[in-house]
Amino acid sequence: MSTRHLIWLLLRARPWLAALNIALATVIATLDLLPGVVTRALFDRLTGRANVGFGPETLIGLLLMIALARTVIKTTAVLI
């Protein structure tokens with residue numbers, strides 16, 4: 001049995017579980033990219049070349065919230 005055939009059988013057997021898996025993997029991949037975007041905005045703000053109107057305190061708070069969200073979502077993904 002080929003890998004492609006096995007994946008197809010798994011997708012046909014539990015389509016909602018496969019869709020949940022794909023959605024959760026997408027969310028996790030996106031959350032892994034967000035700290036870089038916020039860190040760039042923070043350093044742009046500190047150097048005076050900011051395009052966003054948020055202050056450093058807000059951006060640091062956003063980094064902490066993203067870290068918490070990543071922890072909760074990844075822990076939930078492991079427990080499901």
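Because the structure is predicted, anything quoted here is derived from the model rather than measured.

Caption draft 1: Local environment of the UniProt feature "transmembrane region" (unreviewed entry) in the chain. In the numbering adopted here, UniProt assigns the feature "transmembrane region" (unreviewed entry) to residues 16-38 and 58-79. Along residues 16-38 one finds 100% helix and 0% strand; the C-alpha atoms at either end are 33 Å apart. Across residues 58-79 one finds 100% helix and 0% strand; the C-alpha atoms that close the span lie 31 Å apart.

Caption draft 2: Representation of the pattern of salt bridges. This model, assessed by the stated rule, comprises three salt bridges. Here R70 and D32 are joined by a salt bridge, their closest N and O atoms 3.2 Å apart. Residue R70 is located in helix 3 (residues 56-79), and its partner D32 is located in helix 2 (residues 15-47); the two are separated by 38 residues in the primary sequence. Judged by its relative accessible area of 26%, R70 falls in the partly exposed class. Take D32: its relative accessible area is 34%, and that puts it in the partly exposed class. Across the pair D32 and K74 runs a salt bridge, and its minimum N-O distance is 3.0 Å. Taken together, the positions of D32 in helix 2 and K74 in helix 3 put the pair 42 residues apart, joining distant regions of the chain. The class of K74 is partly exposed, set by a relative accessible area of 33%.

Caption draft 3: Geometry of the nonpolar core. Core analysis: the biggest nonpolar cluster contains five residues, these being V38, A41, L42, L59 and I66. Put simply, the parts of the chain that give this core at least two residues each are helix 2 and helix 3.

Caption draft 4: Focus on the side chain of D44. Position of D44 relative to the elements: it lies in helix 2. For D44, a relative accessible area of 18% gives the class buried. The contact partners of D44, leaving out residues within four places of it in the chain, are R49 and A50.

Caption draft 5: Representation of the packing of helix 2 against helix 3. Contact geometry of helix 2 with helix 3 gives a least axis separation of 10 Å together with a crossing angle of 165°. The orientation of helix 2 relative to helix 3 falls into the category roughly antiparallel. Helix 3 is crossed by helix 2, and the crossing has left-handed handedness. Across the contact of helix 2 with helix 3, the residue classes break down as 19 nonpolar, one polar and four charged.

Calculation notes
Residues numbered from 1 in each chain as written. Predicted model: local features only at pLDDT ≥ 70, side-chain atom pairs only at ≥ 80, totals over all residues. Heavy atoms only, no water. UniProt positions renumbered as here; feature names shortened; annotations may be inferred. Helix = DSSP H or I, 4+ residues; strand = E, 2+ residues; numbered from the N terminus. Salt bridge = Lys/Arg side-chain N within 4 Å of Asp/Glu carboxyl O. Buried < 20%, exposed > 50% of the residue type's maximum accessible area, 1.4 Å probe, protein only. Core = buried A, V, L, I, M, F, W, Y, C linked by side-chain atoms within 4.5 Å. Contact = heavy atoms within 4.5 Å. Axes fitted to C-alpha atoms, helices over the stretch in contact; angles between N-to-C directions. Parallel < 35°, antiparallel > 145°, perpendicular 65-115°, else oblique. Left-handed = near helix turned anticlockwise from the far one by under 90°. Nonpolar A, V, L, I, M, F, W, Y, C, P; charged D, E, K, R; others polar.

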